[in-house]
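Residue-level structure breakdown
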Amino acid sequence: MTTSPSTARRLWSPLGVALLLAILGSGTKAGADRGALHLRASEAFAPCLRPALDAFTRESGWTVVLDVGEPDPPREADVVVGDDSEMTRLLEAGVADLQTSVDLGSLPWVWVVVPPGSPPGSLSALAPDRVVVLGGRAGRGARESLQGLAADRLRVSRDGGELRRARYALLPRSLAGTGEHRRSDVRPLIATAALVAGAPHAAAARRLLAFLQGDRGRGLLSTCLDAIETGASKGGSAQASYARSVVDWWLPDCSLTHDGYNDPGQVLGAPDAVFLGVKDSYRGIMSLGQGGYVTVDLVDTAVDGPGPDIRVYQVTGTEPVTLYAASSPQGPFVLVGLRMDCGTRTPGLENYEHHCDFDLRGTGISEARYVKVEDGEIYPCLAGGTITEGADIDAIEILNKKP
Amino acid sequence: MAGRYLLQILPDRGCNMPVTALSFPMGAAAAGTSPHPGVQVLLDGEPSALELEFLAENATLRGGLGTTGDGALSNERRRLWLHAIGTGSVTRAADGRGEVVTGNLMGYLALGDPDDDEGALGTCNSRDHAFTLRAR
């Protein structure tokens, strides 16, 4: 991938420089960059990490240089911290080590309103100023929530100072300045940390990751990050019903050539994906490539019941998935969910096993035996660089089964 | 479908985007036959920046249109970020090749000026974007 001018411009934001200087100035090995541990974190998480990194420095003697910016590429970092949306390609490509990845917490989005007490609701329409929103991959969901707002009413920024000064803004809580903060329903960011493959200070980096996962680290992070909400434990019961046969599938020729997991049969049955501990090495998944799909026969019938009705299990990151459903293998297939982020953590399964849930309600059909699962990442195959391009499907489960 | 094409992306009007259409010079070629025949359509000069991978069957194209994190620069000097599924009937162009004159596009698009951040001029998820892929 090439680096765009805007990407290059972002590499050293004022916030980044300030934090770097702050961290350098507070360590017991202050100024001793040689031998220092380098951590690269996106703008939203950097303020959350700072107290924990300071504590680690005091307790371990290791200076930690905090480099602020998108974790991909990690540059000279030993450890990267980013949202799912920023980490997926790093982890799948083996640039960061999936086996060491750990979730640190979630970070909600808030509306910042200055002055406090301004009318609630439709803030973007009512605000006299531009609405400021975070740029970069981590801000994509927030920007989507502002769709329809005229371009001259929108300001996209990754400058920490500008974000904190904004009178009307939609920001991760960690970047919100003064004024009234109102909880937004934009999907919270998930802070995931991982060791960079080939890190020059791997042993110290592992020690830092252990510190961040330990009671002391978690306690310090908890002042800024919330506990991660996992999906309801509705799935995976003893009576669970999973896809039983493949009806149809397609992967673009480019994806068939470059990807390593093209067997549609791997989506059948209960979740069984395994990361084998080596870059790009899995068992039990089908990668959907650029816009590929697999259509399955559930044999049992999913019905519109309480809560979501169908669950798709997807491995690593939050690659979006589109789901269609039908009562016959020939269709017509009805759209159930378009490009749904598929990154909800699944209780009781490995850290890399995620899922997304779909509800038949409002689709015009009340039951379905056949479902088509389509890649929603839709990333150019030729630019891919991994053998797991597209959403990586492990299993499809009926959550509400027709008796 | 093969040869030179002009791709037009038309954001859903409900998105309130500052442009009505963005166009890109593309090249198309057949791509694979199994499990279904496909067509690959790539941006001239920077093929991996904007890639279309279609299943081509029954006079219909259906598949993913995607850009990288850097987006793709249009003929109108606007940058587009795109992750969407396109569907369109193939009709015969004047020179006998296939083309799509009315295609539906479902998914994500974002706009910016050439050096902007993604979405600086707006972001929109919709089932009602449109595209055309005309022979040139």
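An account of the accompanying structure is given in this report. (Residues numbered from 1 in each chain as written. Chains lettered and ligands numbered in written order. Predicted model: local features only at pLDDT ≥ 70, side-chain atom pairs only at ≥ 80, totals over all residues. Heavy atoms only, no water.)

1. Remarks on the overall build of chain B
When you go through chain B residue by residue, the secondary structure sums to zero helices and ten strands. Ordered by position from N to C terminus, the α and β elements of chain B give β-β-β-β-β-β-β-β-β-β. Computed over its C-alpha atoms, the radius of gyration of chain B comes to 14 Å, within 12% of the 14 Å expected for a compact globule of 136 residues. Seen through its principal axes, chain B has C-alpha atoms that stretch 40 × 30 × 30 Å. When each of the 136 residues of chain B is scored for burial, the buried share is 56%. (Helix = DSSP H or I, 4+ residues; strand = E, 2+ residues; numbered from the N terminus. Rg over C-alpha atoms; globule rule 2.2 N^0.38 Å. Buried < 20%, exposed > 50% of the residue type's maximum accessible area, 1.4 Å probe, protein only.)

2. Side note on unusual backbone geometry
With an omega of 5°, the peptide bond between A:D72 and A:P73 qualifies as cis. In this fold, A:P73 is placed in the loop between β2 (64-68) and β3 (79-82). The backbone phi angle of B:N16 is positive, close to 60°, even though this residue is not glycine. By secondary structure assignment, the location of B:N16 is in the loop between β1 (3-10) and β2 (22-30). Residue class for B:N16 comes out partly exposed when judged on its relative accessible area of 40%.

3. Quick look at the environment of A:M340
Residues and elements named next belong to chain A. With respect to the element layout, M340 can be found in strand β19 (residues 334-340). A relative accessible area of 34% means that M340 is categorised as partly exposed. For the pair M340 and V321, spaced 19 residues apart in sequence, the C-alpha separation works out to 5.2 Å. Discounting chain neighbours no more than four positions away, the residues touching M340 are E319, P320, V321, D357 and F358. (Contact = heavy atoms within 4.5 Å.)

4. Examining the interface of chain B and chain A
Interface extent is often summarised as the accessible area lost during association of the parts. Listed by partner, the interface residues are 48 residues for chain B and 44 residues for chain A. Regarding the contact of chain B and chain A, the summed buried area is about 3600 Å², with carbon and sulfur atoms giving 53% of it. When the buried surface of chain B facing chain A is broken down by residue, B:D70, B:H83 and B:D117 rank first, second and third, together holding 16% of it. Where chain B touches chain A, the interface holds three salt bridges. Note that B:E118 and A:R140 form a salt bridge whose closest N and O atoms lie 2.7 Å from each other. Applying the counting rule to chain B against chain A returns 15 residue pairs in polar contact (both at pLDDT 80 or more). Of all the secondary structure elements, the ones that give two or more residues to the side of chain B that touches chain A are β3 (38-43), β4 (50-57), β5 (60-67), β7 (79-89), β9 (98-112) and β10 (123-135) of chain B. In terms of residue class, the side of chain B that touches chain A is built from 20 nonpolar, 19 polar and nine charged. (Buried area = accessible area lost by both parts, 1.4 Å probe. Salt bridge = Lys/Arg side-chain N within 4 Å of Asp/Glu carboxyl O. Polar contact = N/O pair within 3.5 Å; in protein donor to acceptor, adjacent residues only side chain to side chain. Nonpolar A, V, L, I, M, F, W, Y, C, P; charged D, E, K, R; others polar.)

5. Re the sheet that holds strand β16 (residues 293-303) of chain A
Residue and element names in this part refer to chain A. Read across the open sheet, the five strands follow the order β12-β16-β22-β18-β19; overall the sheet is antiparallel. Single-partner strands in this sheet number two, and they are β12 (245-250) and β19. When the angles between neighbouring strand axes are averaged without regard to direction, this sheet yields 25°. (Pairing = 2+ DSSP bridges. Axes fitted to C-alpha atoms, helices over the stretch in contact; angles between N-to-C directions.)

6. Digging into the packing of helix α3 (residues 46-60) of chain A against helix α8 (residues 202-213) of chain A
Residue and element names in this part refer to chain A. Relative to each other, α3 and α8 sit at 120°, their axes nearing to 11 Å. The angle between α3 and α8 places the two elements in the oblique class. Between α3 and α8 lies a crossing of right-handed hand. Of the residues in α8, those in contact with A52, L53, A55, F56, E59 and S60 of α3 are A204, R207, L208, F211 and L212. Classifying every residue of the contact of α3 with α8 by side-chain character gives eight nonpolar, one polar and two charged. (Parallel < 35°, antiparallel > 145°, perpendicular 65-115°, else oblique. Left-handed = near helix turned anticlockwise from the far one by under 90°.)

7. Describing the state of the cysteines
On inspection of all chains with the given rule, the structure shows four disulfides over all chains. Paired by a disulfide, A:C254 and A:C381 hold their sulfur atoms 2.0 Å apart. Given an S-S torsion of about -90°, the disulfide between A:C254 and A:C381 has left-handed geometry. Of this pair, A:C254 sits in helix α10 (residues 253-258) while A:C381 sits in the loop between β22 (367-375) and β23 (392-398), and the two are 127 residues apart along the sequence. Considered together, A:C254 and A:C381 belong to a single accessibility category, that of buried residues. The disulfide partner of B:C15 is B:C124, and the S-S distance across this bridge is 1.9 Å. Linking B:C15 and B:C124, the disulfide has an S-S dihedral of approximately -65° and is accordingly described as left-handed. Taken together, the residues B:C15 in the loop between β1 and β2 and B:C124 in strand β10 connect sequence positions 109 residues apart. For the pair shown, B:C15 and B:C124 are each scored as buried. (Disulfide = S-S within 2.5 Å.)

8. So, the nonpolar core
Residue and element names in this part refer to chain A. Counting 58 residues, the largest nonpolar core has L39, L49, V81 and L104 as its most contacted members. Ranked by residues supplied to this core, first place goes to α3 with seven residues. Taken domain by domain, this core gets at least three of its residues from each of domain 2 (35-105 + 189-221) and domain 3 (109-183). Apart from the residues within four sequence positions on either side, L39 is in contact with L49, L53, V64, V65, L66, D67, A77, V79, V81 and L208. (Core = buried A, V, L, I, M, F, W, Y, C linked by side-chain atoms within 4.5 Å. Domains from an automatic or database assignment.)

9. Digging into helix α4 (residues 84-92) of chain A
Because each turn of an α-helix spans 3.6 residues, side chains separated by three or four positions in sequence point in the same direction. Residues and elements named next belong to chain A. Along α4, eight of the nine residues are buried, which leaves the element largely enclosed by surrounding structure. For α4, the full list of buried residues reads D84, E86, M87, T88, R89, L90, L91 and E92. Those residues of α4 that are buried lie in contact with β3, β10 (189-195), β17 (310-315), β20 (344-345) and β23. Looking one or two residues past α4, G94 carries a phi angle of roughly 80°, positive in sign.

10. Looking at the pattern of salt bridges
Residue and element names in this part refer to chain A. Taken as a whole and assessed by the stated rule, the structure comprises 27 salt bridges over all chains. One salt bridge in this structure joins D72 and R137, with 3.8 Å as the shortest N-O distance. One end of the pair, D72, is in the loop between β2 and β3; the other, R137, is in the loop between β6 (131-134) and α6 (140-145), with 65 residues separating them in the sequence. In this structure, the salt-bridge partner of R155 is E162, at a minimum N-O distance of 2.7 Å. Look at the salt bridges and you will find they share partners, linking E43, E70, D72, R137 and R158 into a network.

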